[in-house]
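# Secondary and tertiary structure notes
Residues per chain, in single letters:
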Amino acid sequence: MLQEPTCPDAVIKVDEQLTLEMIDECFVHDLHQLIVKNRDSLQRYLDWPQYVTSIETTRKTAQSNRLLHQRGYAKMFLILRDDVLVGVLSLNAIEPTNKAAYIGYWLDEAAQGQGILSRAMQAMMRFYVQRGDIRRFVIKCRVDNEASNRVAERNGFTLEGCQREAEFLNGRFDDQNIWGKIVTLNDE
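Residues numbered from 1 in each chain as written. Predicted model: local features only at pLDDT ≥ 70, side-chain atom pairs only at ≥ 80, totals over all residues. Heavy atoms only, no water.

In spatial order, the strands read 1-2-3-4-5-6-8-7; together these eight strands make up an open sheet with mixed pairing. Only two strands of the sheet have a single partner each, and these edge strands are strand 1 (11–13) and strand 7 (158–169). For this sheet, the mean inter-axis angle between neighbouring strands, taken without regard to orientation, is 25 degrees. Bridge analysis of strand 5 (residues 100–107) against strand 6 (residues 136–142) gives four bridges, and the strand direction is parallel. Each residue of the ladder has a partner; that of Ala100, found in strand 6, is Arg136. Of the strands in this sheet, strand 1, strand 2 (18–22), strand 3 (75–81), strand 4 (84–95), strand 5, strand 6 and strand 8 (172–182) touch helix 3 (residues 116–130), which is tilted by about 40 degrees from strand 4. (Pairing = 2+ DSSP bridges. Helix = DSSP H or I, 4+ residues; strand = E, 2+ residues; numbered from the N terminus. Axes fitted to C-alpha atoms, helices over the stretch in contact; angles between N-to-C directions. Contact = heavy atoms within 4.5 Å.)

Right, let's get into the pairing of strand 2. The buried fraction of strand 2 is high, at five of five residues. By the bridge criterion, three bridges tie strand 1 to strand 2 in an arrangement that is antiparallel. From the neighbouring strand, Val11 faces strand 2, where its bridge partner is Glu21. Where strand 1 folds back onto strand 2 in an antiparallel hairpin, the turn is made up of four residues. Inspection of the sheet shows strand 2 paired to strand 3 by five bridges, in the antiparallel sense. Bridging from a neighbouring strand, Leu20 pairs with Ile79 of strand 3. (Buried < 20%, exposed > 50% of the residue type's maximum accessible area, 1.4 Å probe, protein only.)

Summed over the entire model, instances satisfying the criterion amount to twelve salt bridges. Between Arg59 and Glu56 there is a salt bridge, with its nearest N and O atoms 3.1 Å apart. One end of the pair, Arg59, and the other, Glu56, are both in helix 2 (residues 55–71), three residues apart, so they sit about a helical turn from each other. Judged by relative accessible area, which is 22%, Arg59 ranks as partly exposed. When its relative accessible area of 37% is taken as the criterion, Glu56 is described as partly exposed. Put simply, Arg172 and Asp144 hold a salt bridge, and the shortest N to O gap is 3.3 Å. Pair noted here: Arg172 is in strand 8 and Asp144 is in the loop between strand 6 and helix 4 (146–154), with a separation of 28 residues, a long-range link. One connected set of salt bridges, linked through shared partners, spans Arg142, Asp144, Glu167, Arg172 and Asp174. (Salt bridge = Lys/Arg side-chain N within 4 Å of Asp/Glu carboxyl O.)

In short, geometric facts, not functional conclusions.
Written out as structure tokens, the structure is:
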């Protein structure tokens, strides 16, 4: 756990079991191990796992994501269950003028199906809505990624459309669903 938050959104408490913590050097080893453990399942729907070749690669990515987090361009949180790293929840891009953000996520296979991601996502969205930073959240995922599409649906996102052959992965172009959700303080 972080000793002392370095920015106001370094830690978001989800509930007694779950915490979201900004990426930090102290998590690099555990994050790398979790990526390696889940590489095959992650690679089915994400491009980046193949490029995680060493702990140093993970460290450089973590440092870059930490800077983006501190500067407000993106937010990368590690999902901790009882202080054990189980996944990542991020705002991959933030559009301050539009008060919009694009959500990305993945969980250790052993932690899936337990409501962890939904609880974490709801807490993160609530946090940024209450601060007045974001009101529109977007999830982009492959049409054939049933689990990710279910996460969007379960969390009240509306399917806004499908982009044909929008994402290249594993030698082919795949269609991508666009899910959106507008959250205001009145929704609290």
